Amino acid sequence: MTSVRIDLYSDTVTKPTKEMREFMCAAEVGDEQRGEDPTVNKLQEMVAELLGKEAALFLPSGTMCNQIALAVHCRPGNFILLDRSAHPLISEAGGSAVLAGAVLYPIDGKNGQFTAEQVDEAIQPESRYQSPIQVVSIEQTTNRPGGCIWPIEQMKSVCLKVREYGAYCHMDGARLMNATVATGIAASEYAAFFDSVWIDFSKGLGAPIGAALAGSKAFIHEAWQWKQRLGGAMRQAGIIAAAGIYALEHNVDRLAEDHRNAKLLASRITSAPGITVDPLVVETNMCRFSVKGTGLSSKEFANRLLHEHGVRVSTPERTIIRAIPYLGLSEADVEVAADAICGLANKIAESK
Ligand SMILES: *Cc1c(COP(=O)(O)O)cnc(C)c1O
């Protein structure tokens, strides 16, 4: 069996629903590049308000939000401090080196989260030998480490430390709404410590495309120049911005279902032979588990799971698998996937 029956690869595999498509169809549009698309303008206002910032900018992707924010904050040669698992370091094709001309300086956090002390240790005072640390970037929730939520106090103490050094704080909030739904802490409360922050519509929120970056008016003015420079400025983009509006109006609270499903999956596979899952680490929509005890690598296990059971997962590390429920994936689907994972683990154990 090679067809994908249940896809737990990522929350990016969500497809726009019929209702979202209809809403997109009906969107009022104009020339976005000239600020004349009413739907884009509305979405930008919604995001600025949601994140408690002066202004926001609609962009095609989260990657472009990170790249533009870092390019606005940095001059060539500056350092950007982030966790070793952070998206700009591992999944953006070295963009910050090309566009901002900056040096990405990774530190080793726990579950993608580092402390104010680690920032203090990493930051060297500016000298003739070292360009300043210009930005510290934080991922909420942490993607690779499995959807972990930065505790707000830790986030705050990191940002206060960063400010002591006169550097900027940037939040990669691809899944900020997952943190908000899980903790009840408002997105604007998390965002308050940051100079720039963005959310992605194309993950668990279920839109086919789009993200929005927020900050001060001056920051967004410069971000607009980068958007234009990179060819990210569009025309009748209201068609796609409408999906973002629909997502914010209908798909935020339901993220709680994905969180429940991720926990359900964790609890169903936790006693399978050779599998280790720490249910405490299932904080949002990702279930991360180790297959080390099966003797297989994550890729070998994932290949067999796909070919023998039609269940697709991702393999962020050599023995770590990540499974992500999302909009359109039911509790029953998760049960089937859990049975498949347990079945495969049992089969491997028996053949030893
Ligand atoms: C997905 C993701 C991005 C990039 O967003 P795209 O919309 O896929 O470009 C950046 N950071 C994190 C943490 C992500 O999960």
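Quick caveat: nothing in here was measured; it's all calculated off a predicted structure. (Residues numbered from 1 in each chain as written. Predicted model: local features only at pLDDT ≥ 70, side-chain atom pairs only at ≥ 80, totals over all residues. Heavy atoms only, no water.)

Here the focus is helix α13 (residues 298-309). With twelve residues, α13 ought to run about 16 Å at 1.5 Å a step, and its terminal C-alpha atoms sit 16 Å apart, in line with that. Of all the positions in α13, only Ser298, Phe301, Ala302, Leu305, Leu306 and His309 are classed as buried. For α13, the buried positions fall inside an angular range of 130° around the axis, keeping them on one side. Structurally, α13 contributes buried residues whose contacts are with β11 (311-312), β12 (314-317), β13 (320-323) and α14 (331-350). Following α13 by one or two positions, Gly310 has its phi on the positive side, about 70°. (Helix = DSSP H or I, 4+ residues; strand = E, 2+ residues; numbered from the N terminus. Expected span 1.5 Å × (residues − 1). Buried < 20%, exposed > 50% of the residue type's maximum accessible area, 1.4 Å probe, protein only. Arc of directions from axis to C-beta. Contact = heavy atoms within 4.5 Å.)

So, about the nonpolar core. If you look at the biggest cluster of nonpolar residues, it comprises 58 residues, and the most contacted ones within it are Val47, Leu51, Phe58, Tyr190 and Phe201. Ranked by residue count, the leading element in this core is helix α11 (residues 238-250), at eight residues. Apart from the residues lying within four places of it in its own chain, the contact partners of Tyr190 are Gln140, Ile149, Trp150, Ile152, Met155, Met171, Leu176, Ala179, Thr180, Thr183 and Ile185. (Core = buried A, V, L, I, M, F, W, Y, C linked by side-chain atoms within 4.5 Å.)

With that settled, the discussion passes to the pairing of strand β5 (residues 133-139). Counting buried positions over the seven residues of β5 gives seven, a clear majority of the element. Direction of pairing for β5 relative to strand β6 (residues 168-173): parallel, over a ladder of five bridges. Considered in β6, the bridge of Ser137 is made with His170. Taking the sense of rotation as the criterion, the β-α-β connection linking β5, helix α7 (residues 152-164) and β6 turns out right-handed. (Pairing = 2+ DSSP bridges. Right-handed = clockwise from strand over helix to strand, strands pointing away.)

We now examine the site of the ligand. Around the ligand, 14 residues are found, and the nearest of them are Thr63, Asp172, Arg175, Asp200 and Lys203. In the model, an oxygen atom of the ligand is placed 2.8 Å from a nitrogen or oxygen of the Gly62 main chain. Taking 380 Å² as the accessible area of the ligand by itself, protein coverage stands at 87%. Mapped by element, the contributors of at least two residues to the shell around the ligand are α3 (62-73) and β7 (196-200). Ranked by residue count, the leading element in the shell around the ligand is α3, at three residues. (Near = heavy atom within 4 Å. Polar contact = N/O pair within 3.5 Å; in protein donor to acceptor, adjacent residues only side chain to side chain. Areas by Shrake-Rupley, 256 points an atom, 1.4 Å probe, with all protein chains shown as cover.)

Summed over the entire model, instances satisfying the criterion amount to three aromatic pairs. Geometrically, the ring pair formed by Phe79 and Tyr105 is tilted, given 5.8 Å between the ring centres and 40° between the ring planes. Here the residue Phe79 occupies a position in strand β3 (residues 79-83), and Tyr105 occupies one in strand β4 (residues 103-107), the gap between them amounting to 26 residues. Accessibility expressed as a relative area gives 29% for Tyr105, which makes it partly exposed. Geometrically, the ring pair formed by Phe114 and Trp150 is edge-to-face, given 5.1 Å between the ring centres and 85° between the ring planes. Note that Phe114 is positioned in the loop between β4 and α6 (116-122) and Trp150 in the loop between β5 and α7, a separation of 36 residues in sequence. Both residues of the pair, Phe114 and Trp150, count as buried. In this structure, Lys227 packs its charged tip against the face of Trp224, placed 4.8 Å from the ring centre. The ring of Tyr9 has Arg312 sitting right over it, with the charged end atom 4.8 Å from the ring centre. (Phe/Tyr/Trp six-rings, centres within 6.5 Å; stacked < 30°, edge-to-face > 60°. Lys NZ or Arg CZ within 6 Å of the ring centre and 35° of its normal.)

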